[in-house]
Each structure stands twice: as C-alpha cells, then as structure tokens.
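So the chains spell out like this:
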Amino acid sequence: MSGFSGAAAIAGIGATEFSKDSGRSELRLACEAVLAAVADAGLKPSDVDGMVTFTADTNAEIHVARSTGMRDLTFFSRIPHGGGAACGTVQQAALAVATGVADVVVCYRAFNERSGVRYGLGQADGPAETGADSAAYAWLTPFGLSTPAQWVAMFARRYMHEYGATSEDFGRVAVVDRRHAATNPAAWFYRRPITLEDHQASRWIAEPLHLLDCCQETDGGQALVVVSAERARDLPHPPAVVLGAAQGSGDDQHMMTSYYRPRITGIPEMGLVGRQLYAQSGLGPADMDAAILYDHFTPLVLPQLEELGFCAPGEAKDFVAEGNLELGGRLPFNTHGGQLGEAYLHGMNGIAEAVRLVRGTSVNQPEGVRNVIVTAGTGVPTSGLVLGADR
Amino acid sequence: MTSYEDFAGREILPLWEGPDPVNVPMIRHWAEAMGDRNPIYRDDAAARATGRPGIVAPASMMQAWTMRGYAATVEGPDAGARAGAAAGARELDGLLEKDGYTSVVATDSEFEFHRELVAGDRVSVREVVESISPEKSTALGTGRFVTTVRTYTDQDGEVVAVQRWRLLRFRPKEARAPRPRPAVNRDNAFWFEAAREHRLVIQRCAGCGTLRHPPGPCCPHCGSFDWDAAEASGRGQVYSFVVNHHPRHPAFEYPLIVAVVELDEGTRLVTNLVGVEPGEVEIGMPVVLDWLDADPDLSLPVFRPQSGIAA
C-alpha cells in the first residue's frame, strides 16, 4: 500500500429509485440521493464539508448544499468526460480526506437522462459552437457517426476481427448482467432475465451491436459519502475502505472515438488505471473477489478484463464463456445487474454495489468478498477503484 | 410557349355531361354513406310535403354526378370519355410538371347552388381557369395555387351550381434533412475548405513532417505549431466499420455504413462507404476516394470499393 491507500472509506450510500420518468427535477433527485447517503453514513448534512460531481451534472454544488442544509464547504471539485468520472469522484474525495482538506465529502450524480436529455440519441443536432469539444464531433457527425452505441460498435468490430470474438461473446456479458438484475428489486430489469437467444434475436442498433448489447437509459440519483477510514469505523456500517483510486487518460485519447491509435482493440487508459490501482493497494488481479465493470455496452467489458489483468489480450471471450463472471465463478461481476440490468447512473450505482459487496449486503452476495474492483466509463478518460473490507 | 398568365380565363375542360342522370338509387347510397337521414333524400311523399317536386339530390352530390368513375381514375388521366376533350387540362399539367410541381393537394372548394337536382336531371360541367398564383413557399413545398371555376348546368343549359376549386400544385420538400454541420473553427477549417474543392488533405507538421488526423494546433511529436497540408492519394483500406440502424437521423439513409479508413499515407479517418452493401464490407477491403456533395456548403470524402471504380 502506498500514498493515500487505506486512508479513506465510503461510509454511506444513498439513491433514489431508478425509473424512466422520475417526475422530479434533477436537483431534487440529487438532494434525495445526497440526503439518503448522508443518513446511511449516520451523519448530518451539516457534517459535510466537501462535494464532488461530474462536469456533466446540472446540479451545481451550491444548489445541492443550500438545499440539503450543508454549511461551510472547504472542498468542491468536478470530473469531466461523462461516465469516466464515476470512480474519479471517489478519488478526489479520498485525496481531500487523506490530506485533511475536508472531513466528509459527498460524491453525487443525478439526472433525468431518460425523460430529459437522452445521451443515446446522439450528438448529430448539437449546438453549433466551435470549441474544441464541438469541433471533435466535426469528424464524426457529418458522416452519421453520432451516438455512443455507434462509437463503441467501431471498436467492437475491430476487436472481433483481431481476436475472433463473436456477437455471442458480447451477449454472454448481457446475460450475466440481466441474470443478476433479475434478483435485484432495485433493478429496472428485476425478474426479467434474458437468454443468449434473446440477445441474438434483438434488433440491430449499430452492427455489430444488438439492442441487448446496449444499456438502458435511466432517471435517478446516486450519492456516496467519503470520510477518513478512522472516522468510518465509528459510523454505523462496516467501512468500504478506498484501497486504490485512480484516473487515466491515455496516449492519443479521444472522447469515445480513439480510433487513431496504432491498435484499437485495447483500452490503454483502463490499463493505466488498473496499474495504479494495484500499485496503490499492493494487491493484484488474483486478490479481487468481485468486479463492477462499466457496461454501457457489452463489447468494452471484454478488453477491460484484459487491461485489468484477469486474462491475456484476446482471451476475455473465453474467460467469460467459462463462467468466471457468475456468482459462483472466479470473478463475480456486476452483482447488481450492471447498467444493462439495474440502472444507467453513469457508473455511480456500481460504486454503491461495490460498497454493499464489501459490507456483505448485496442481494447477490458471493461468499468471502474482501476486495472489489470498480471501473468507470470506457472509451473516455476514465477512473477506477479498489474498495476493501477494513483490515 | 404558353405561360401561366396565359391560362387565366382559359377553358381547360369543355362542357362535358356526366355518365348517369340524377337517380334515386345513387341518392340513397350517398345519404346512407353520409349518415344523412333527411327524408327528402329518401321519401317521395316527405319531399313533396316540403313543397319539393319529389326526392331531391343532396347539394353536396353536385360534383359526384360529373365524376369520371372508378375505372377512369384507376386507368389514368388519358382514360375515360372526356379525356380526349381535355387538351387544355393536359397542357396545364405538362407545364406544371416541367417546372417540377409534381405534387398536388386540394386546398379550397366553394360552392354556390342555384337549384336542387331531381331524378332525371342531366348534369354537365365546364371548367375555366380563374387564376394561377405566382410561386409560393408553403409548409408542403414551393408551388402555385391554381384556381378554376367549374360551372354545372342542366339539360336545358341552365346553371345549377358554380364551384370555385383551388389546388396547390407543388414541388415536394426535399425528404432528406441536411447532414449535421461540422463545427468549423481555426484548427479544422482548412480541411473542410479543401473538401469543398474535392481535395482530401492531411495536416503535416512543418517541423518534423509527421502527418496527423484529426488535425490540431500543434504537433504531439515535436511541439511545432507550424504546419501545412499534404494531399492524400485517396487510396486506403477499411480498418473498421459499423452499420447503423437506430436511431435514425433524417439526413441519412439506413442502414448506413460508417467506416474508419486507413489511408495509404498511414492516417485514419471516419467516413462513409458507398457503392457497397453492408453485408459485403470487410475489414482490410481496399477502397478509393469519392466525393459526396451533401449540399452546397458541405462536401465530404467518402470511399467506395476499389474494384467498383475499376469496373
């Protein structure tokens, strides 16, 4: 262990329900989630002195703080790049806590992504401003390449070509997600498992992606409370200690479209995150008892397994097919059902599930979980966590 | 050459008598279909009780007595007994078609009724152009309003009704929306300007000569902010590709093939593949440059299979 590893812990988690039409403002969702997380930690809003969210979030810190009864804030920070920010929020919080800049930091994300602005509809008709982010779309949208599914499909096709992976190999990831969601009452797809045949029969979205390769869209909020590990020991729940927290942006990094690297079958920024996580925690892939891997689209789960050292490049399809991601397998995966099965909360709901796994309270709790690896959005500058039981 | 102005006052349909006399069975069918239970259309005695000579035809049937009938409608404009006489109508149709006003929608029909029709009446109609508007922009498309007057007369030549009839003859709006606009700024304008001239260029560092795409303000290898643009050979191969089905953007036809093409020069770009079916595309397939003039402001490089050009 090195640096801030072990210095901070997630002591509280809280969320709204996950729906397709919340009927409430995004700010209200954020406040509900934050208050639930603070209460879960056994703390009061006035104890909070730090906040972290996504640059994509519409709920500015001051509005959430004012609304929920927080007082003085000594730390507030935001992470860019959509879902890539998820674990980065915890890293920021852990750094703040470890250095004494703040004592209680809330990480949150809330949106009406299904009933409001839907990311799945793409960027084709985005506003005509000419900053660098907009100009980056100039190489994509005039050609009709404008949605996340389409961007990921381009990687998936090349991955299939180089490694002999098939659509069924992607489908097996969806089947595991939906199986786990089927027993999770909080999941949108509770009691609705799918078969590989269902996956294969689902309509094309962007070949080689079927509908069931794509995650849902969700209204909801999720928040997490980060405090020092020492303080967490005095709070109601067993601490989920932050053993590793890392961000990564790779060489020649683009937003979902890093098609210009020498090879595009891997996710180098995720490898960068993984190496930091293992170095910080002093742990390795063999020490991970479960994995919450970002699954906005199934194909990019496979190279994550490779980048994080669970199997060699090109071998993830076999790793998955051998059943390693099942509850009784080597690496129980997305026990909440993932974003395909539970909810698409930009990865933040996955961090909450990792906390439950460490607490031993997942609805799909495997035996003997001590360390859980969590990843954030793929294809974008990303982040990751290793959460562990208190030692 | 006839112009639209010349049509004002011109007869486009000479007097033409409807195929059937006004008759009670057709009146009954009409009233039933319309759900009109007024007894003056069904019951001779009831009609007489109102001072009428007997069963009368609903006023709204006026046009029906002079319609050409089902067969003529199905067989086209040249079919039917009155087609030969309608040279004026054909001439107007030809003029409208030549100008691209290929679509039609009826916008107004105003009737003035002079007397009720009774069984045995023979109805004739004659149609004269009243006016043809200048070109107008409408929600449906650009077109002209053609207003005609149809005069309905009986077997004695007495006017029974006058109809002012207005059609919009129009060019349907382009079904396809324009392609999404690229956000053009100081760093990428050169590329889109070259594309408008059908030149595919690659940004080249003036310091170390490294090619780069997508372009940027400085070289990631040597740090130089100086650059020029090299012209690409236009040859390459498919590095990866997707076939888009959903969601559909109105600018594109689906399924839509989008590819990453690796140029012979070594850089890659996102583009569309044309002249090939989705099922025929393979990674590694040799492709050559073609140009898509998407609209007057936007030309884009697209690629087609190499063999397709040779053929």
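Residues numbered from 1 in each chain as written. Chains lettered and ligands numbered in written order. Predicted model: local features only at pLDDT ≥ 70, side-chain atom pairs only at ≥ 80, totals over all residues. Heavy atoms only, no water.

Under the annotation held in an unreviewed UniProt entry, chain A carries the name Acetyl-CoA acetyltransferase and is attributed to Microbispora rosea.

Draft legend 1. Examining the interface of chain B and chain A more closely. With 36 residues of chain B at the contact, the number on the chain A side is 37 residues. For the pair chain B and chain A, the summed buried area comes to about 3,100 Å², and 64% of that belongs to carbon and sulfur atoms. Three residues stand out in chain B for area buried against chain A, namely Y239, H246 and V270 of chain B, and they jointly supply 18% of the buried area on that side. Joining chain B to chain A, the criterion identifies zero salt bridges. For the interface between chain B and chain A, the tally reads 14 residue pairs in polar contact (both at pLDDT 80 or more). Looking at the side of chain B that touches chain A, the elements with two or more residues in it are α5 (189-196), β10 (235-244), β11 (256-263), β12 (268-272) and β14 (298-305) of chain B. It is β10 of chain B that contributes the most residues to the side of chain B that touches chain A, six residues altogether. Taken together, the residues that form the side of chain B that touches chain A break down as 23 nonpolar, 10 polar and three charged. Of the pairings in the sheet, the one linking strand β5 (residues 204-207) of chain A to β10 of chain B comprises two bridges and is antiparallel in character. (Contact = heavy atoms within 4.5 Å. Buried area = accessible area lost by both parts, 1.4 Å probe. Salt bridge = Lys/Arg side-chain N within 4 Å of Asp/Glu carboxyl O. Polar contact = N/O pair within 3.5 Å; in protein donor to acceptor, adjacent residues only side chain to side chain. Helix = DSSP H or I, 4+ residues; strand = E, 2+ residues; numbered from the N terminus. Nonpolar A, V, L, I, M, F, W, Y, C, P; charged D, E, K, R; others polar. Pairing = 2+ DSSP bridges.)

Draft legend 2. Up close: the pattern of salt bridges. A complete count under the given rule lists 37 salt bridges over all chains for this structure. Residue E162 of chain A pairs with R263 of chain A through a salt bridge whose shortest N-O separation is 2.5 Å. One end of the pair, E162 of chain A, is in helix α5 (residues 148-163); the other, R263 of chain A, is in the loop between β8 (240-248) and α9 (268-281), with 101 residues separating them in the sequence. For R263 of chain A, a relative accessible area of 47% translates into the label partly exposed. Between R171 of chain B and E135 of chain B there is a salt bridge whose closest N-O contact spans 2.9 Å. Highlighted residues: R171 of chain B in strand β6 (residues 159-172) and E135 of chain B in the loop between β3 (124-132) and β4 (136-137), separated in sequence by 36 residues. For E135 of chain B, a relative accessible area of 41% puts it in the partly exposed group. (Buried < 20%, exposed > 50% of the residue type's maximum accessible area, 1.4 Å probe, protein only.)

Draft legend 3. Broad picture of the UniProt feature "domain: Thiolase C-terminal" (unreviewed entry) in chain A. When the UniProt feature table is mapped onto this chain, "domain: Thiolase C-terminal" (unreviewed entry) is found at residues 263-380 of chain A. For residues 263-380 of chain A, the helix share is 36%, the strand share is 7%, and the end-to-end C-alpha distance is 16 Å. (UniProt positions renumbered as here; feature names shortened; annotations may be inferred.)

Draft legend 4. Broad picture of the sheet that holds strand β9 (residues 227-231) of chain B. Residue and element names in this part refer to chain B. If you walk across this open sheet you meet the three strands as β8-β7-β9, and the pairing is antiparallel. Each edge of the sheet is formed by a strand with only one pairing partner; in this case those strands are β8 (211-212) and β9. Against the sheet, α5 engages β7 (201-205) and β9, with an angle of about 145° to β7. (Axes fitted to C-alpha atoms, helices over the stretch in contact; angles between N-to-C directions.)

Draft legend 5. Main features of the packing of aromatic side chains. All chains considered together, the criterion is met by 13 aromatic pairs over all chains. With a centroid separation of 4.8 Å and 80° between ring planes, the pair formed by W139 of chain A and W191 of chain B is classed as edge-to-face. One end of the pair, W139 of chain A, is in the loop between α4 (132-137) and α5; the other, W191 of chain B, is in helix α5, on a second chain. One exposure class covers both W139 of chain A and W191 of chain B, and it is buried. Consider the rings of F111 of chain B and F113 of chain B, whose centres lie 5.0 Å apart with planes at 5°: the pair is stacked. Judged by relative accessible area, F111 of chain B falls into the partly exposed class, the value being 30%. Owing to a relative accessible area of 40%, F113 of chain B belongs among the partly exposed residues under this scheme. (Phe/Tyr/Trp six-rings, centres within 6.5 Å; stacked < 30°, edge-to-face > 60°.)

Draft legend 6. Representation of the environment of A41 of chain A. Residues and elements named next belong to chain A. For A41, the position within the fold is in the loop between α1 (26-40) and β2 (50-54). Taking C-alpha positions, A41 is 24 Å from G338, a pair spaced 297 residues apart along the chain. The residues touching A41, leaving out its near neighbours within four places in the chain, are A11, G12, V225, L235 and P236.

Draft legend 7. Just the environment of N185 of chain B, in detail. Its location among the elements puts N185 of chain B in the loop between β6 and α5. Once residues lying within four places of it in the same chain are set aside, the contact partners of N185 of chain B are T130, G131 and A135 of chain A. At 2.9 Å, the side chain of N185 of chain B and the backbone nitrogen of D187 of chain B are in polar contact.

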